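Geometric and topological summary
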Amino acid sequence: MVGKKLAVVGTGYVGLVAGACFAKIGHDVICVDIDADRIEILQKGGIPIYEPGLETLVHEGVAAGRLKFTTKIADAAPCDAAFIAVGTPPRKSDGAADLSFVYDCARELAAILKPGAVIVDKSTVPVGTGDTVERIVRKTRPDVPIYVASNPEFLREGSAIIDFLEPDRIVIGCSDKAAEDILAAVYAPLVDKGHRLIKTKRRSAELIKYASNAFLATKITFVNEMADLCEAVDADIAEVALGMGTDSRIGPQFLQAGPGYGGSCFPKDTLALVRTAQEFGVSLRIVEQTVTANNARKRRMAQKVRHILHGNVEGKKIAVLGLTFKADTDDMRASPSIPMIELLQNAGAKVHAYDPEGIEQAKMVLTDVTYHLDPYQCAQDADAVIIMTDWESIRHIDLAKLASVMRSHVLIDLRRVYPPEEAAKHGFTIETIGRTGLEPSPISEFEPHFMHSDLNVHTRQAEEQTA
Ligand code: UGA
């Protein structure tokens, strides 16, 4: 195979992973970013984000001469395809995706790309964005054929490289055969290994990304609500999820009950999808309820802690283990640990926190937290420990040692890492989720109806965290 010349604009999670993986499968890749500091780090062999395996992959690509970094978009001029992978943060006014970076990027690429090149949108963008990009391109270069396509990305933080190189599917949405041929050639090394390429209308490709994320967010929210019911009726959510997930029509993944979904994608994308539907006069009641229920769940988790500490956390030392929205990432965006810590602090608790990768980002969104790089130091003299993220290091805590350093043996396990029986052996009183034999937590603050204020709270948080 002859490698294509590719540009990837934006070196965030999606752009950097895509660039490194394109180089890995044989293409010549130039990664562009306006952030000079970030490009300097990359040029010097550093990696500005935490993603397992990425550093090695980037170094390999650079050593092979197939991966380069630049701040000058003009360096993308000789490319066959230029992928836009810039941020689409929620707009201040209404939570809809802010597409100004995407449009700026399209304008700049249209001005420099060679005839017959394709501009490919990889950022998560609402339906119809490709049409607007196409209008921008036509206006900028009316005389030259430059194509526009959509190629959404389905990678998860923490397993992004494997998700990219071994995808369930690759979706390309093109309005021209020429663009489709270029993208089919770009992905040929993966298709040759048996990975499925799905060719769709450009608008379908744009919607597939949002529909997938909204469906997964709803699946998690469904299982979280079932976990609440399990607590009330003396059942166990792990058993219920196993019994459900073995039905091949349901599938076992994303049935893990937890403190509510977070991250840079599900909260932002569910909200943007609701907005898009509203614009087109369509009501997405299920997605709206998912947004509301998940926000309420995150708040409600703090009530579990207060409940087990007899309604009073004033002056108590609470040790939070895990800050990031999930394990294997340093990303704090919309992490359930944020409302948990803020609500506990508002109620007078002194919060200490441990996280192997998330502390720097946590410092930008949380105040008055004492951070530790050792879980036992974090738990020293604590009145309660809360497990918020199931990092490998947290999965392997020595419970006897943990108990020996704490003032009071209270463990609130919101990721179901430790079987209550095992924790009990070490003298812990344990509160978990979706498990038999536990006293149900009070649900007084739970708001069962869809409220626009929820969307606003959600937007504000997402904005603050993407700022
Ligand atoms: C998500 C999607 O899974 C990717 O397919 C998509 O490409 C990406 O968003 C995106 O749009 O860029 P990500 O946000 O990295 O990926 O994280 P997930 O692994 O999907 O987890 C999201 C949240 O759901 C986390 O807070 C996680 O703890 C929670 N979760 C996940 C559960 O509570 N239970 C589960 O069973 C699975």
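Residues numbered from 1 in each chain as written. Predicted model: local features only at pLDDT ≥ 70, side-chain atom pairs only at ≥ 80, totals over all residues. Heavy atoms only, no water.

The helix and strand tally for the protein chain stands at 18 helices and 14 strands. Rg of the C-alpha trace for the protein chain: 23 Å, near the compact-globule value of 23 Å for 467 residues, within the 12% margin. Each principal axis of the C-alpha distribution contributes one length, and for the protein chain these read about 75 × 50 × 40 Å. A buried classification covers 56% of the 467 residues belonging to the protein chain. A separation of at least 24 residues holds for 74% of the contacts in the protein chain among residues at least 6 apart in sequence. In the structure as shown, the protein chain presents an accessible area of about 19800 Å², 53% of it carried by carbon and sulfur atoms. For the protein chain, the distance from the average site of its 52 positive side-chain charges to the average site of its 63 negative ones is 4 Å. (Helix = DSSP H or I, 4+ residues; strand = E, 2+ residues; numbered from the N terminus. Rg over C-alpha atoms; globule rule 2.2 N^0.38 Å. Buried < 20%, exposed > 50% of the residue type's maximum accessible area, 1.4 Å probe, protein only. Contact = heavy atoms within 4.5 Å. Areas by Shrake-Rupley, 256 points an atom, 1.4 Å probe, with all protein chains shown as cover. Lys, Arg positive; Asp, Glu negative; His and termini not counted. Charge placed at Lys NZ, Arg CZ, Asp CG, Glu CD.)

Glancing now at helix 5 (residues 129-140). The end-to-end C-alpha distance of helix 5 is 16 Å, a good match for the 16 Å that 12 residues give at a rise of 1.5 Å each. Those residues of helix 5 that fall on the buried side of the exposure criterion are T129, G130, V133, E134, I136 and V137. Down the axis of helix 5, the smallest arc covering the buried residues is 160 degrees, so these residues share one side. Of the exposed residues in helix 5, those oriented more than 90 degrees away from the buried face are R135 and K139. Elements that come into contact with the buried residues of helix 5 comprise helix 4 (100-112), strand 5 (118-121), strand 6 (147-150) and helix 8 (202-233). (Expected span 1.5 Å × (residues − 1). Arc of directions from axis to C-beta.)

Turning next to the pairing of strand 2 (residues 28-32). The buried fraction of strand 2 is high, at 4 of 5 residues. Of the pairings in the sheet, the one linking strand 1 (residues 5-9) to strand 2 comprises 5 bridges and is parallel in character. Across the sheet, the residue bridging to K5 is D28, located in strand 2. A crossover connection joins strand 1 to the parallel strand 2 through helix 1 (residues 13-24); in handedness this β-α-β unit is right-handed. In this structure, strand 2 lies alongside strand 3 (residues 67-70), joined through 4 bridges in parallel fashion. Residue pairing in the sheet places V29 in a bridge with L67 of strand 3. (Pairing = 2+ DSSP bridges. Right-handed = clockwise from strand over helix to strand, strands pointing away.)

Turning our eyes to something else, we now look at the side chain of E180. Its location among the elements puts E180 in helix 7 (residues 177-191). If we ignore the near neighbours within four places in the chain, the residues touching E180 are I172, C174 and K199.

The next subject is unusual backbone geometry. Unlike most non-glycine residues, D328 shows phi in positive territory, near 65 degrees. By the secondary structure assignment, D328 is in the loop between strand 9 (317-321) and helix 12 (337-346). Despite not being glycine, D368 has its phi angle at roughly 60 degrees, a positive value. The exposure class of D368 is exposed, given its relative accessible area of 71%.

Inspection of the region around the ligand gives 19 residues, with L155, E157, K209, N213 and Q256 positioned closest. L155 places a main-chain nitrogen or oxygen 2.7 Å from an oxygen atom of the ligand. At 2.7 Å, a backbone N or O of E157 approaches an oxygen atom of the ligand. For the ligand, whose accessible area on its own is 710 Å², the fraction buried by protein is 91%. Going through the elements one at a time, helix 8 and helix 10 (266-279) are the ones with two or more residues in the shell around the ligand. Residue contributions to the shell around the ligand peak at 3 residues, all from helix 8. For the shell around the ligand, the two domains that each supply at least three residues are domain 1 (5-200) and domain 2 (201-467). (Near = heavy atom within 4 Å. Polar contact = N/O pair within 3.5 Å; in protein donor to acceptor, adjacent residues only side chain to side chain. Domains from an automatic or database assignment.)

Our next topic: the nonpolar core. Counting 42 residues, the largest nonpolar core has F22, F83, F164 and Y187 as its most contacted members. Broken down by element, the residue count for this core peaks at 8 residues, all from helix 1. Apart from residues no more than four positions distant in its own chain, Y187 is found in contact with F22, F83, K122, N151, F164, I170, I172 and L197. Counting residues in hydrophobic clusters, the runner-up holds 38 residues, among them A227, M301, I318 and V351. (Core = buried A, V, L, I, M, F, W, Y, C linked by side-chain atoms within 4.5 Å.)

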